[in-house]
Amino acid sequence: MERRAFIAIVLSLVVLVGYQALMPKPAPRPPASALQTAPELPSSSPTVVPPTLSSTVPVAIAAERAAAETDVRVETATVLATFSNRGGRLKSWKLKNYKDAKGDPVELIAIDLAASQPLPFTLSVSDEATTATLNSALYAVSGAPASNSPIAGPTTLTFEYRNAEITAIK
């Protein structure tokens, strides 16, 4: 029985070493310093950034506020999503391949519950006044598809709000 266990261990090691020798190594990532970032804000002004985002902000994002409330419609082969720049929140998410009783695409965001439940991408911070500002402000939008045309490939939709005290990017 010991001989079989020894052979199993040796064969396992051969498989592991062979796998490492035959599989290509992953390509190296570019250094973080190659990423161009915006200058840091003065320490006297508090910044609100969602915890999943890093503290560096790409320079290409516009810093101005939006002039009026608009809806951004994102359409793919399977989904029809509508975002509002008021609060940078998701208003509608419809699945094209699934139909409700009326034959319309299934809506995943219950509009009748919107008054009692926060919409997706609603921010909440410890200060209620800041929370109200973040969720009612008009965000500048970048990366939106042109004139309601369907998206052909991957895209990044960015909502940004800044004032003297707050910076928020979604």
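Remember, it's a predicted structure, so these values are computed and weren't measured experimentally. (Residues numbered from 1 in each chain as written. Predicted model: local features only at pLDDT ≥ 70, side-chain atom pairs only at ≥ 80, totals over all residues. Heavy atoms only, no water.)

Student: Quick question: what am I supposed to make of unusual backbone geometry here?
Tutor: Keep in mind that most residues, glycine aside, have a negative phi and that most peptide bonds are trans. The phi dihedral of Phe121 is positive, around 70 degrees, even though this residue is not glycine. By the secondary structure assignment, Phe121 is in the loop between β4 (105–107) and α2 (128–136). (Helix = DSSP H or I, 4+ residues; strand = E, 2+ residues; numbered from the N terminus.)

Student: Is there a simple way to think about the packing of aromatic side chains in this case?
Tutor: Aromatic ring pairs: the centre-centre distance and the angle between the two ring planes describe each pair. Counted under the stated rule, the structure contains three aromatic pairs. A ring pair is formed by Tyr139 and Tyr161, whose centres lie 5.8 Å apart and whose planes are at 45 degrees; its orientation type is tilted. On the criterion of sequence distance, the pair formed by Tyr139 in the loop between α2 and β5 (140–142) and Tyr161 in strand β6 (residues 158–162) is long-range, its members being 22 residues apart. Tyr139 gets classed as buried once you look at its relative accessible area, which sits at 0%. Tyr161 sits in the buried class, given a relative accessible area of 6%. Cluster of aromatic residues (ring-pair linked, three or more members): Phe83, Phe121 and Phe159. (Phe/Tyr/Trp six-rings, centres within 6.5 Å; stacked < 30°, edge-to-face > 60°. Buried < 20%, exposed > 50% of the residue type's maximum accessible area, 1.4 Å probe, protein only.)

Student: Could you clarify how one ought to interpret the pairing of strand β3 (residues 89–99) in this entry?
Tutor: Where strand β2 (residues 79–84) and β3 come together, six bridges link them in antiparallel fashion. Residue pairing across strands places Val79 opposite Leu95, the latter belonging to β3. The antiparallel hairpin formed by β2 and β3 contains four residues in its connecting segment, where Gly87 sits at a positive phi of about 80 degrees. Here three bridges tie β3 to β4, and the two strands are oriented antiparallel to one another. Directly across from Lys94, in β4, lies its bridge partner Glu107. A loop of five residues connects β3 with β4, the two strands running antiparallel in sequence, and Gly103 in this loop sits at a positive phi of about 90 degrees. (Pairing = 2+ DSSP bridges.)

Student: Whenever I open this one, the environment of Lys99 confuses me. Can you help?
Tutor: As for its position among the elements, Lys99 is in strand β3. With near-sequence residues (within four places) excluded, Lys99 lies in contact with Asp104, Pro105 and Val106. (Contact = heavy atoms within 4.5 Å.)

Student: Teacher, can you tell me more about the pairing of strand β1 (residues 71–75) here?
Tutor: Sheet faces and side chains relate simply in a regular strand, where the side chains alternate between the two faces. Here five bridges tie β1 to β2, and the two strands are oriented antiparallel to one another. By the bridge assignment, Glu75 is partnered in β2 with Leu80. Hairpin connection, β1 to β2: the antiparallel pair is bridged by three residues.

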